Amino acid sequence: MTTAVAATRQGPRPRGLIWTVLRVHRPALLVWSAYVLLMVGWMLWVQHVSGARIRAELDACRRRPEGACIDVMTFSHSMNEGWIGTLIAYASYGIAAWAGAALVGRELERGTAQLAWTQSVTPARWLTAKLAVPAVALTVGTTVLVLVYRWFWSAGQDLRGGEWYDPDPFLNRGPAVLAYALCALAVGALAGIALRRSLPALAVAFGLVLWFHLYVDRHWHELWPARTLSGTDGSWFPSDHPASHFWPLHLMTTGVVLTVAVVATGAAYWLLRRRTR
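Keep in mind that this is a model prediction, so the values were computed, not measured. Counting starts from 1 at the beginning of each chain's written sequence and moves along it residue by residue. Reporting in this predicted model follows two pLDDT cut-offs: at least 70 for local features of residues, and 80 or more for side-chain atom pairs to be given and counted; totals over whole chains, interfaces and linings ignore these cut-offs and use all residues. Based on all heavy atoms of the structure, the side-chain values leave hydrogens and waters out of the count.

By definition, any uninterrupted DSSP run of H or I lasting at least four residues is a helix, any uninterrupted run of E lasting at least two residues is a strand, and each is numbered from the N terminus. Given a helix with a known number of residues, its expected span is that number minus one, times 1.5 Å. Taking 1.5 Å per residue as the helical rise, helix H9 (residues 176-195) with its 20 residues ought to reach 28 Å, and the 28 Å between its terminal C-alpha atoms agrees with that figure. Burial runs high along H9: 16 of the 20 residues are buried. Positive backbone phi, at 60°, marks Arg196, one or two positions downstream of H9. Exposure is judged per residue with a 1.4 Å probe applied to protein chains only, and the accessible area is read against the type maximum: over 50% gives exposed, under 20% gives buried, and values in between give partly exposed.

Here's what the structure looks like:
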């Protein structure tokens, strides 16, 4: 009776694979949560504190009778905006490294995964739990970052130095940045299963996502017909697209990245099944 009452007072507790993944990778979840909060706080500070101060200085400068204002006053805002955009856009590198090294590679290297498979947990269920928990955390956190960044980018138009077709704002203002995060998770898991060692999986996953990301950055503007053709070879550039092309280009980019994520996920399951027969 006492045991039953104590269990009732404690309430339901998560169990099984989901709880195991949460417990083992709790430090990574805390780091991710801290990163999201830090980026949101940074954007709020730049807009409401630093941005307000710069606008006040510019207004005072423009009211002076002696001459024009110096644009260098907006330099600090542009620097902050650039760093924020870069850290959000390229967070997938860290996700790929973590997924390859800690999420999958280390457990295969140490044998803890194989131990789980002997306790009525199939390899497929193990991998599903490994991918599902961080995927949910990445989806929630990245969605928050996208929503806040969209507001931040629009609200700072008067101080902004970049254009919509620059790599970071193009990526961060929609679901493409989430697609990269999920793709990095899948590529990291695939690298961990293929190499079964944490450090090599970290390096390979990081390198693959880096190459893929940079490749797409150079070619995303080719996914939708431009307004005009430029260059001696008939090619076009991001600046040849009107602002109305943002969403077609962005959604096409998202589709390409998600396709790679699905392929990497399928390859991870196929390779795991083949090696555990």
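Moving on to the environment of Ala267. Looking at where Ala267 falls in the secondary structure, it is placed in helix H11 (residues 246-275). Separated by 80 residues in the primary sequence, Ala267 and Val187 place their C-alpha atoms 9.3 Å from one another.

Definition used in this section: a nonpolar core is a set of buried Ala, Val, Leu, Ile, Met, Phe, Trp, Tyr and Cys residues joined via side-chain atoms within 4.5 Å. Residues Tyr35, Met43, Ile84, Ile88, Trp126, Leu185 and Ile193 are the most contacted members of the largest nonpolar core, which totals 68 residues. Pairs of residues are marked as contacts when any of their non-hydrogen atoms sit within 4.5 Å. When neighbours within four sequence positions are excluded, Leu185 is seen to be in contact with Ile95, Trp98, Ala99, Leu103, Leu131, Pro134, Ala135 and Leu138.

Here an angle of 0 to 180 degrees is reported between the N-to-C directions of two axes, which are lines fitted to C-alpha atoms, with helices fitted over the stretch in contact. Contact pair helix H5 (residues 91-110) / H9: the axes reach a minimum separation of 7 Å and the direction vectors enclose 30°. Regarding the angle of H5 to H9, the classification is roughly parallel. As H5 packs across H9, the resulting crossing turns out to be right-handed. Counted together, Ser92, Ile95, Ala96, Trp98, Ala99, Gly100, Leu103, Val104, Gly105 and Leu108 of H5 and Tyr180, Ala181, Ala184, Leu185, Gly188, Ala189, Gly192 and Ile193 of H9 form the full contact between these two elements. Here the nonpolar group is Ala, Val, Leu, Ile, Met, Phe, Trp, Tyr, Cys and Pro; Asp, Glu, Lys and Arg are the charged ones; every other residue, Gly included, is treated as polar. Across the contact of H5 with H9, the residue classes tally to 13 nonpolar, five polar and no charged. Each angle gets one of four labels, with under 35 degrees taken as roughly parallel, over 145 as roughly antiparallel, 65 to 115 as roughly perpendicular, and the rest as oblique. The sense of a crossing depends on the near helix, which, turned anticlockwise from the far helix by less than a right angle, makes the crossing left-handed and, turned clockwise, makes it right-handed.

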